[in-house]
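Residue-level structure breakdown
Take a look at the letters that make up each chain.
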Amino acid sequence: MKSFASFLTITGALLHSVSAHYIFSKLVLDNEVSEDWQYIRETTRDKCYMPTKWSSTFDNLTPSDTDFRCNLGSFSNAAKTEVADVAAGDTIGMKLFYDGTIAHPGPGQVYMSKATTGNVKEYEGDGDWFKIWETTICEESGDLTSDAWCAYGMSQFEFQIPENTPAGEYLVRAEHVGLHGAQNNEAEFFYSCAQVKVSGSGSGSPSVTYKIPGLYDNNMTLFNGLNLWTDSLDTVKSDIADTPIGDEVWSSGNSRTSSA
Ligand SMILES: [Cu+2]
C-alpha cells in the first residue's frame, strides 16, 4: 500500500505540472465576449492565472488574505476597469483568460457584493457577499478526480443575476476551486471580480452573507484533508456541506448542482 500511496502522490504532482491554470478575465453580455480585463479587475500578479493556496503559495497570497476578495493587487486597477450594465434577471458569463478551460476537479461558485459606497470603482469588497450560483458534482458515477465535476472542462461560467437583486453597483466574483491537492492543504483557488451596475426594481435581501476573508479556512476538510483519489462520493459531499459551498444559493433554481 505504501508504494501505491506514493504512486498516487506522484501521479497527482505530474497531473498538476502539465495542466494549465486559469483565471476569469472576460465578461460575456448578450453572447458578446468583452476584452480581457475590460470589466474584470486585473490582478497585478506576474502570472495572472496562478492559483491561491494556503501552502506552497505563489506571491505569498492565501485565501485568508484581504486580496482573496478579487485577487492580488486588483483593487489598484478598479478605477480603470469599466462597469458593465446588466439588468436583474439577466444571464451573463465570466470567461477564462487565453481560451483556457477548467483543468482541475472541484466546485465553481459566483458571489456578489454591493458597493457600500455606491461606486464599485471605489469599493474594496469589505462588505457582505452572497452566493448566486454554484456548480458541484454532476456525474455521481463519474471520476471524482476529473469529469464527475460539472465545471471540469468548462471555459466559462454562465449564471443569472437574481431577479430580486436591488439596483446598484456590485462586484461579481467567479471562483473555481481545484481540490486535487487538498490532501496536502493545497486546494487551488482561481477567482476574479467583475464590476457591474444592476438595474431593475428588485428588493430582495440575501439570507446568508459572508465576509472575505473569512469565507473559507483550512480547517475545512474539503480544502485540507480531502483526498479525491481515495475518498468516497459521500465523503466528498459531506465535506462540501461543511463549507459555504454547501450552502443554498440565493434565488436558487438556476444552478447546476448535485441532487444532494
Ligand atoms: Cu493547478
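Below, the structure is looked at part by part. Everything numeric here is computed off the predicted structure, so don't read it as measured data.

**Regarding the overall build of the protein**
Counting its secondary structure elements, the protein contains two helices and nine strands. Along the protein, from the amino end to the carboxyl end, the secondary structure elements read α-β-β-β-β-β-β-β-β-β-α. Here the protein holds 260 residues, and 43% of them are scored as buried. A fraction of 79% describes how many contacts in the protein between residues 6 or more apart in sequence connect residues 24 or more apart.

**Side note on unusual backbone geometry**
For the peptide bond that leads from I212 to P213, omega is 0°, which places it in the cis range. Tracing the sequence through the fold places P213 in the loop between strand 9 (188–199) and helix 2 (233–241). Look at D99: it is not a glycine, yet its phi comes out positive at around 50°. Mapped onto the fold, D99 is located in the loop between strand 4 (91–96) and strand 5 (108–114). Since 8 C-beta atoms lie within 10 Å of it, D99 is described here as exposed. Of note in the backbone geometry, N185 takes a positive phi value of approximately 60° without being a glycine. Looking at where N185 falls in the secondary structure, it is placed in the loop between strand 8 (168–178) and strand 9.

**Regarding the sheet that holds strand 9**
Consider a sheet: its strands pair through backbone hydrogen bonds, and that pairing is either parallel or antiparallel. Spatial strand order, 3-9-8-5-6: five strands in an open sheet with mixed pairing. Each having just a single partner strand, strand 3 (84–87) and strand 6 (130–135) make up the two edges of the open sheet. Strand-to-strand twist across the sheet, computed as the mean angle between neighbouring axes with direction ignored, equals 35°.

**A look at the nonpolar core**
The biggest cluster of nonpolar side chains holds 65 residues, and the ones touching the most others in it are V110, M112, I132, Y170, L171, V172 and A194. Broken down by element, the residue count for this core peaks at seven residues, all from strand 9. Filtering out sequence-adjacent residues up to four positions away, Y170 remains in contact with M112, S113, K114, A115, V120, V196 and V198.

**Comments concerning the sheet that holds strand 2 (residues 32–33)**
Pairing is antiparallel in the open sheet, where four strands are placed in the order 2-1-4-7. Because the sheet does not close on itself, it has two edges, and the strands there are strand 2 and strand 7 (156–160). Relative to strand 4, strand 1 (residues 24–29) is paired through four bridges, and the arrangement is antiparallel. Paired with L27 across the strands is M94, a residue of strand 4.

**Some words on the pairing of strand 5**
The side chains of a regular strand alternate, first on one face of the sheet and then on the other. Strand 5 sits mainly inside the fold: seven of its seven residues count as buried. Neither face of strand 5 is open: one carries G108, V110, M112 and K114, the other Q109, Y111 and S113, and all of them are buried. In this structure, strand 5 lies alongside strand 6, joined through five bridges in antiparallel fashion. Bridge pairing in strand 6 places Q109 opposite E134. As defined by bridge partners, strand 5 adjoins strand 8 across seven bridges and the pair is classed as antiparallel. The residue bridging S113 from the neighbouring strand is L171, located in strand 8.

**Overview of the environment of V196**
Relative to the helices and strands, V196 is located in strand 9. On the basis of neighbour counts, which here come to 26 C-beta atoms within 10 Å, the residue V196 falls in the buried class. Once the C-alpha coordinates of V196 and L171 are considered, the two residues, 25 residues apart in sequence, prove to be 6.4 Å apart. Beyond its immediate chain neighbours, meaning those up to four positions away, V196 contacts V83, A84, V86, Y170 and V172.

**Re the environment of D59**
Considering the arrangement of structural elements, one finds D59 in the loop between strand 2 and strand 3. The exposure class assigned to D59 is partly exposed, which follows from the 17 C-beta atoms found within 10 Å. Remark: the alpha-carbon pair of D59 and D46, spanning 13 residues in sequence, is separated by 8.7 Å. When near neighbours in sequence (up to four residues on either side) are disregarded, D59 contacts R45 and L72.

Cut-offs applied
- Residues numbered from 1 in each chain as written.
- Predicted model: local features only at pLDDT ≥ 70, side-chain atom pairs only at ≥ 80, totals over all residues.
- Helix = DSSP H or I, 4+ residues; strand = E, 2+ residues; numbered from the N terminus.
- Buried ≥ 20, exposed ≤ 12 C-beta atoms within 10 Å, placed from the backbone.
- Contact = placed C-beta atoms within 7 Å.
- Pairing = 2+ DSSP bridges.
- Axes fitted to C-alpha atoms, helices over the stretch in contact; angles between N-to-C directions.
- Core = buried A, V, L, I, M, F, W, Y, C linked by C-beta atoms within 7 Å.

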